[in-house]
Structures are given as C-alpha cells and as structure tokens.
Amino acid sequence: MSLFDFHPSGLFQIIAILAVMYNGKIVKLAESKELYSNPQHAYTKALLSAIPVPDPALEAKKKRHAVI
C-alpha cells in the first residue's frame, strides 16, 4: 500500500484510485475518473476548483468552491 499526499494539481488525474482526506478522515475513496467527473463532498469540490487552468481567460471565469 502506498500513501501519497496530493494537493490541488493536475497530477492526480494519472492516479488510478484516490482518497480525499478532510479533517484527518477519508471522506471519499474513488477512481480518479469518477472523483473528477462527479465530486460529492464539498472539500473534494473545493480541491478540484483550485486546479489552475492554463488559459488566463478561462481561469478568470472559473467558478471556485469554498469550504467553510
């Protein structure tokens, strides 16, 4: 078993299965395609919205999610 610490980054898309941790607990364990295409937890949505888009015009229009 391997444990990786990934923060907002496009690199996570090459990993087969991901675990999203929030407050020290795993809140989502899923295949990367499922996690990226159908995020459920608010923290997962916030992480995905933090991934930068290389096009400055698209980046400026991008909707961000916040966890309060």
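Remember, it's a predicted structure, so these values are computed and weren't measured experimentally.

## Describing the overall build of the chain
Along the backbone of the chain there are three helices and two strands. In sequence order, the secondary structure elements of the chain are arranged as β-β-α-α-α. Each of the 68 residues in the chain was classed as buried or not, and the buried ones make up 19%. For the chain, the exposed surface amounts to about 5,400 Å²; the carbon and sulfur share of it is 60%.

## Brief notes about the side chain of Thr 44
Relative to the elements of secondary structure, Thr 44 occurs in helix 2 (residues 42-49). By relative accessible area, Thr 44 is classed as buried at 2%. Look past the residues within four positions of Thr 44 in its chain and what remains in contact with it is Val 20, Lys 28, Leu 35 and Pro 39.

## Considerations on helix 2
The set of residues buried in helix 2 consists of Thr 44, Ala 46, Leu 48 and Ser 49. At its buried positions, helix 2 is contacted by strand 1 (17-22), strand 2 (25-31) and helix 1 (32-37).

## Examining a nonpolar patch on the surface
Together, Ile 17, Met 21, Ile 26 and Leu 29 make up an exposed nonpolar region whose accessible area comes to about 440 Å². Among the elements of the structure, strand 1 and strand 2 are those that each provide at least two residues to the nonpolar patch. Judged by its relative accessible area of 45%, Met 21 is partly exposed.

## A closer look at the environment of Met 21
Position of Met 21 relative to the elements: it lies in strand 1. Remark: the alpha-carbon pair of Met 21 and Thr 44, spanning 23 residues in sequence, is separated by 8.8 Å.

## A look at the UniProt feature "domain: Oligopeptide/dipeptide ABC transporter C-terminal" (unreviewed entry) in the chain
Sites flagged by UniProt as "domain: Oligopeptide/dipeptide ABC transporter C-terminal" (unreviewed entry) map to residues 29-59. For residues 29-59, the helix share is 58%, the strand share is 10%, and the end-to-end C-alpha distance is 28 Å.

Reading the values: rules and limits
Residues numbered from 1 in each chain as written. Predicted model: local features only at pLDDT ≥ 70, side-chain atom pairs only at ≥ 80, totals over all residues. Heavy atoms only, no water. Helix = DSSP H or I, 4+ residues; strand = E, 2+ residues; numbered from the N terminus. Buried < 20%, exposed > 50% of the residue type's maximum accessible area, 1.4 Å probe, protein only. Areas by Shrake-Rupley, 256 points an atom, 1.4 Å probe, with all protein chains shown as cover. Contact = heavy atoms within 4.5 Å. Patch = residues over 30% accessible without salt bridge, like charges linked within 9 Å, V, L, I, M, F, W, Y side chains within 5 Å. Salt bridge = Lys/Arg side-chain N within 4 Å of Asp/Glu carboxyl O. UniProt positions renumbered as here; feature names shortened; annotations may be inferred.

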